Amino acid sequence: MENAIEIKNLSKSYEDFCLNNIILNIPKGSIVGLIGENGAGKSTLISSLLGIIKSSYEELKIFGMDFKTDEIQIKKDIAVIFDTTHYDDEFTPKFIGQILSKVYSNWDQATYLKYIHQFNLPMKKKIKKFSRGMKMKLEFAIAFSHDAKLLILDEATSGLDPIIRDEILSIIREYTEDENHTVLMSSHITSDLDKISDYIAYIHEGELLFMKPYDELREEYGVLHVGKELLDSLNREDIIGYTKGAYSYTILVKNRLAIQSVFKDLEIMRPTVEEIMLFYAKGGC
Ligand SMILES: Nc1ncnc2c1ncn2[C@@H]1O[C@H](COP(=O)(O)OP(=O)(O)OP(=O)(O)O)[C@@H](O)[C@H]1O
C-alpha cells in the first residue's frame, strides 16, 4: 500500500516533554484519527511533520518525497486547518479568494465559490463578524479549493455544533472518495473519529502506542462488565485497564474473540475510541 506520509524515528524534546521516536506510516486515501490526552504530543507531531517546529528524524517522506529536500513542493499539496483561522480579521471571503488565486497555482475559484455558497458564507462580510463555525467553514472552503492531496486537521472541529460537525464530516468523507486524498485529523471529539476514521493512531505521553485500522480495533478489543471473580479469572495480559463501579468492574480487554470463546455467555461489547483511550490512559491493573 502506498503511503502519503512516512515518518521514521521522529523526536522532539522540550524542557519537560519528549516526543519519542515516532514511527508512523499513513496510507494514501485513508482518514487517520489522531488521539491522545491533553499534552500527549499530537500538535507537536503535526507541527513537526509540517516543518513548523524543528524536530529530528531518520526519515520524513510526504507523497514519496523527502521533506528535507522537497519541502516547498510538498507543501503545495497540503492543506492544514487548526482550531482558529489565521486570516486577518479585516479580510472578507471575496478578498481571500482573490489573494489565494495568486498564491496557489492550482487554485480553483469555481470550487471556492461552490463551497462558500454551500456553507452559506457571505462573500463581502469581514471575518471579524463571523461566528466560530463560519470561520471554520471558510477554512474548509479554502482547503478544498486548491486541490490539496493531504488535509491535516488539528482540533479543527472543536467548539463546532453537532450539525456543522456532521456536515464537515460528510465533506471530509466525500474528499477521501478520491483515493489520492488523505486526511490526518486530531480531535478530542472521539465520536467524530468513530464515524469517520479508517485508522486510529494513539499518542500517549509522547509515545505512539499504536496505529491500527479502526475495524481491527473494534474486532480485537472488548468492553465487559463483570464481578471480581470473573476479573480474577481473566488472563492479566488480556486486560488493558478497568474501572471499579459500585457493584462491578468495567474492563477493556484485548483478544475479544478468544475470551468470548471461553466465556460463551458473557456479553462483550465492541469499544468506542473513547473507551479505548480512557482505559489505556488510566490502566488500573
Ligand atoms: N513551545 C513549547 N515549549 C515548551 N514546551 C512545549 C511547547 N509546545 C508544546 N510543549 C509541550 O509539549 C507537550 C505536548 O504538547 P502538544 O501541544 O503537542 O500536546 P497535544 O497532544 O496537542 O495536546 P492538546 O490535546 O492539549 O492540544 C506539552 O507538555 C506541552 O507543554
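Structure shown above.
These remarks concern the structure in this document. The structure displayed is predicted, hence computed values, not measured ones. (Residues numbered from 1 in each chain as written. Predicted model: local features only at pLDDT ≥ 70, side-chain atom pairs only at ≥ 80, totals over all residues. Heavy atoms only, no water.)

**Focus on the side chain of D154**
Turning to step 1, where the next piece is worked out: By the element assignment, D154 lies in strand β7 (residues 150-154).
Turning to step 2, where the next piece is worked out: Notably, D154 is buried but unbridged: the nearest opposite-charge side chain belongs to K42, and the N-O separation is 6.8 Å.
Turning to step 3, where the next piece is worked out: If sequence neighbours within four positions are ignored, D154 has contacts with S43, I46, I81, F82, D83 and S186. (Helix = DSSP H or I, 4+ residues; strand = E, 2+ residues; numbered from the N terminus. Buried < 20%, exposed > 50% of the residue type's maximum accessible area, 1.4 Å probe, protein only. Lys, Arg positive; Asp, Glu negative; His and termini not counted. Salt bridge = Lys/Arg side-chain N within 4 Å of Asp/Glu carboxyl O. Contact = heavy atoms within 4.5 Å.)

**What about the sheet that holds strand β8 (residues 182-186)?**
Turning to step 1, where the next piece is worked out: Reading across the sheet, the six strands line up as β6-β7-β8-β3-β9-β10 and stay open at both edges, with mixed pairing between neighbours. Two strands bound the open sheet, and with one partner strand each, they are β6 (78-81) and β10 (207-213). Direction aside, the axes of adjacent strands within the sheet are offset by 15 degrees on average.
Turning to step 2, where the next piece is worked out: Sheet topology places β6 next to β7; four bridges connect them, and they run parallel. When the bridges of β7 are listed, I78 appears paired with L150.
Turning to step 3, where the next piece is worked out: This element, helix α11 (residues 273-282), spans β3 (31-35), β9 (199-204) and β10 of the sheet and lies at about 25 degrees to β9. (Pairing = 2+ DSSP bridges. Axes fitted to C-alpha atoms, helices over the stretch in contact; angles between N-to-C directions.)

**Description of the packing of aromatic side chains**
Turning to step 1, where the next piece is worked out: Evaluated as defined, the whole model comprises 12 aromatic pairs.
Turning to step 2, where the next piece is worked out: Ring geometry for Y115 versus F119: centroids 5.8 Å apart, planes at 35 degrees, classification tilted. An identical accessibility class is assigned to Y115 and F119; each is buried.
Turning to step 3, where the next piece is worked out: Aromatic pair Y221 and Y280: ring centres 6.2 Å apart, planes at 70 degrees, arrangement edge-to-face. With a gap of 59 residues between them, Y221 in the loop between α8 (214-220) and β11 (222-226) and Y280 in helix α11 connect regions that are remote in the sequence.
Turning to step 4, where the next piece is worked out: Accessibility expressed as a relative area gives 1% for Y221, which makes it buried.
Turning to step 5, where the next piece is worked out: You can call Y280 partly exposed: its relative accessible area is 23%. (Phe/Tyr/Trp six-rings, centres within 6.5 Å; stacked < 30°, edge-to-face > 60°.)

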